[in-house]
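Tertiary structure, described
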Amino acid sequence: MLQIKNLNVHYGVIHALKDVNLTVNKGEIVTLIGANGAGKTTTLRTISGLNKATSGDIILEGTNITNLLAHQRVEMKVSQVPEGRRIFPEMSVLENLELGAFLRKDKNEIKKDIDHVYDLFPILGKRKKQTAGTLSGGEQQMLAMGRALMSRPKILLLDEPSMGLAPLLVREIFEIIKNINSTGTTILLVEQNARMALSIAHRAYVIETGSIVLSGTGEELSKSDEIQKAYLGGE
Amino acid sequence: MEQFLQQMVNGISLGSIYALIALGYTMVYGIIKLINFAHGDVYMIGAYVGFAVTTYANLGFFPALIISMASCAVLGIVVERIAYKPLRNSSRIAVLITAIGVSLLLEYVMMFFVGAEVRSYPKLLSDKAINLGNIVINMQQVYIVVTSVVLMIILQFIVNKTKIGKSMRAVSADKDAAQLMGIKVDKTISFTFAIGSALAGAGGVLVGIYYNSIDPLMGVMPGLKAFVAAVFGGIGSIPGAMIGGLSIGVMETLVSGYGNSMYRDAAVFAFLIIILILKPSGLLGKNTKEKV
């Protein structure tokens, strides 16, 4: 579904991504784990077109999207839940969801999808008229995910959905991610919470200072000594 | 009391013009965080377009208003494309200085073509006076207020109910997130400049009619005052700009009415200093806290 080939990204003189190669197959949950500043967010931003690649290719279902603008990639059904949720705080929950469907014109289907989001996150249904900025962190995360789903993505990019949430809520969010995946949406998940991410991922990549250093199935990586030591707090 | 009400009437008509100009400041600031100092000059060009089509083509008030608004919309888009867009990722001070440059450019290019002399507007609207007790309301004042209110209602409708309005709000709130929704940021910014400049153009025609005189530097002072109005209302806030514009207009006429009209400009800018000290975010300014 998504192939990233020899991707390089620079911020000025800083070489943020170095020859990153990564593949996400249709129907998979793939996770990219790593420490703060390793390049996880940069990878997702570059896939979405918010950052420019210096070299390399991003291929979505056989089409090279490396040079497309951000909104064109949304048209190609790539959707991202950005780091820090980035909901529109002064708009209502409903308006946020409607913006998620900005490029769609099928009004009736949009309505159905809004109801579907309310099924997935019942709390959002209860608060649909409420200003999004007044939601709790967990609710905002749900709204950001719901909003991303409104474009009916083929691939959903999730940037640290667990950030700043209570452990119980993290578990809930990850259940929902599994749920979304089971209905056919491919997922690329970026996480610092390696344990949770590996527990739901089919495959995983480890990124360190801009380079992929390890990859394997979720299970393999959770058992690997290196990962245990560096990311899972094992001895 | 009568004098007070009379000054209020004058203040509201002047203030609604300030409000029209302040809206452009606040919308552009909201979307690209730029104080567009060339905005007052767009208003001046709007006044000249209105002058040209009424004097040479003998058109009436409404066609003049619409042609002036359309020309200013185009001018706004062109200025943004040529002067500001290439600096989208530069420091804010670079863009601000560019805006001052664009302002001077528009003023003196205009002066080159039309001369520096003051020109008088043709009489487009009846200046019949209506007497309400001892208060005199000029028909022109009624037209000015009604035109401004109608334009502001249309603006509110566009911003709150249409798709492009939604994208404007989204881009002002968070450019990256807006892009992730599939919103075309460049197109949205162009549109914002178009609307803001069109409102300034309307303000230019109204002022031409009201004061009956225009010159290439006429945009400087109202531009600055509209900027004060936008800051007072809370820059970035559309209702704030409306309230701010009316307040500044009323304040100015009260100062001229009761004090000395020589002090009215000083009063407006002293007021700016007071706002910046006491409530820098303005009346309705955004002060949202982030929630984690």
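The shown structure was predicted, so the numbers you read here are calculated from the model rather than taken from an experiment.

Cut-offs applied
- Residues numbered from 1 in each chain as written.
- Chains lettered and ligands numbered in written order.
- Predicted model: local features only at pLDDT ≥ 70, side-chain atom pairs only at ≥ 80, totals over all residues.
- Pairing = 2+ DSSP bridges.
- Helix = DSSP H or I, 4+ residues; strand = E, 2+ residues; numbered from the N terminus.
- pLDDT = per-residue confidence, 0-100.
- Contact = placed C-beta atoms within 7 Å.
- Nonpolar A, V, L, I, M, F, W, Y, C, P; charged D, E, K, R; others polar.
- Core = buried A, V, L, I, M, F, W, Y, C linked by C-beta atoms within 7 Å.
- Buried ≥ 20, exposed ≤ 12 C-beta atoms within 10 Å, placed from the backbone.
- UniProt positions renumbered as here; feature names shortened; annotations may be inferred.
- Axes fitted to C-alpha atoms, helices over the stretch in contact; angles between N-to-C directions.
- Parallel < 35°, antiparallel > 145°, perpendicular 65-115°, else oblique.
- Left-handed = near helix turned anticlockwise from the far one by under 90°.
- Right-handed = clockwise from strand over helix to strand, strands pointing away.

Residues and elements named next belong to chain A. Reading across the sheet, the four strands line up as β2-β1-β4-β5 and stay open at both edges, with antiparallel pairing between neighbours. The sheet is open, and its two borders are formed by β2 (14–24) and β5 (63–64), each paired with just one other strand. Here strand β1 (residues 2–11) runs beside strand β4 (residues 55–60); their pairing, made up of five bridges, is antiparallel. Within the sheet, the bridge partner assigned to Asn8 lies in β4 and is Ser55.

Before going further, it helps to spend a moment on the confidence of the model for chain B. Residue and element names in this part refer to chain B. Overall, the prediction assigns chain B a mean pLDDT of 92, with 98% of residues at 70 or greater. Here strand β2 (residues 129–132) stands out as the least confident element of chain B, with mean pLDDT 86; helix α3 (residues 61–84) is the most confident, with 97. Segment residues 288–292 is flagged for pLDDT under 50; beyond a separation of four residues in sequence, or across chains, it makes seven contacts in the model. Model confidence for the complex: the whole-complex pTM is 0.90, and ipTM, which rates the interface, is 0.92.

Okay, the interface of chain B and chain A next. At the interface, 16 residues of chain B touch 22 residues of chain A. Every element with two or more residues in the side of chain B that touches chain A is listed here: α6 (163–173) and α7 (175–180) of chain B. Taken together, the residues of the side of chain B that touches chain A break down into seven nonpolar, three polar and six charged.

Bringing the nonpolar core into the picture now. Residue and element names in this part refer to chain B. Of all hydrophobic cores here, the largest spans 155 residues; its most connected members are Ala22 and Ala229. When residues in this core are grouped by element, the largest group, 14 residues, is from helix α1 (residues 2–32). Not counting chain neighbours up to four residues away, the residues in contact with Ala22 comprise Ala226, Ala229, Ala230, Gly233, Ala241, Gly244 and Gly245.

To continue, consider the UniProt feature "transmembrane region" (unreviewed entry) in chain B. Residue and element names in this part refer to chain B. Listed under "transmembrane region" (unreviewed entry) in the UniProt record, and renumbered for this structure, are residues 12–35, 65–84, 93–115, 135–159, 189–211 and 226–250. A distance of 25 Å separates the end C-alpha atoms of residues 12–35, which is 88% helix and 0% strand. As a span, residues 65–84 carries 100% helix and 0% strand, and end to end its C-alpha atoms are 27 Å apart.

Turning our attention to the environment of Ile158(B). Residue and element names in this part refer to chain B. Mapped onto the fold, Ile158 is located in helix α5 (residues 139–161). Residues Ile158 and Ile183, 25 residues apart in the sequence, show an inter-C-alpha distance of 16 Å. What Ile158 contacts, discounting residues up to four positions off in sequence, is Ile164 and Gly165.

Time to look at the pairing of β2(B). Residue and element names in this part refer to chain B. Where β2 lies against strand β3 (residues 135–138), four bridges are found, and the strand directions are antiparallel. Within the sheet, the bridge partner assigned to Ala129 lies in β3 and is Asn138. Linking β2 back to β3 in an antiparallel pair, the connection comprises two residues, with Gly133 at a positive phi of about 60°.

Here we take up the packing of helix α2 (residues 39–55) of chain B against helix α4 (residues 92–114) of chain B. Residue and element names in this part refer to chain B. The contact between α2 and α4 brings their axes to 9 Å, and the two run at 25°. With respect to α4, the element α2 is oriented roughly parallel. As α2 packs across α4, the resulting crossing turns out to be left-handed. The residues of α4 that touch α2, namely those facing Asp41, Met44, Ile45 and Tyr48, are Ser103, Leu106, Glu107, Met110 and Val114.

A few words on the pairing of strand β7 (residues 155–159) of chain A. Residues and elements named next belong to chain A. Buried residues dominate β7, accounting for five of its five residues. The two faces of β7 match: Ile155, Leu157 and Asp159 on one face and Leu156 and Leu158 on the other face are all buried. Summarising the sheet, strand β6 (residues 78–81) and β7 pair through four bridges and their orientation is parallel. Bridge pairing links Ser79 to Leu156 in β7. By the bridge criterion, five bridges tie β7 to strand β8 (residues 186–191) in an arrangement that is parallel. For Asp159, the partnering residue across the bridge sits in β8 and is Val190. Regarding the hand of the β-α-β motif, the stretch spanning β7, helix α7 (residues 167–182) and β8 is right-handed.

What follows is about the sheet that holds strand β3 (residues 29–33) of chain A. Residues and elements named next belong to chain A. Strand order in the open sheet formed by six strands is β6-β7-β8-β3-β9-β10, with mixed pairing between adjacent strands. A strand with exactly one partner marks an edge of an open sheet, and here the two such strands are β6 and β10 (211–217). Averaged over all pairs of adjacent strands, the angle between their axes in this sheet comes to 15°, without regard to strand direction. Bridge count for β3 against β8 is five bridges, and the pairing is parallel. In the sheet register, Ile33 faces β8, and the bridge partner there is Glu191. Relative to β6, helix α6 (residues 137–149) is tilted by about 175°, and along the sheet it contacts β6 and β7. Strand contacts of α7: β3, β7 and β8, with the helix running at about 155° to β8, the strand carrying the most contacts.

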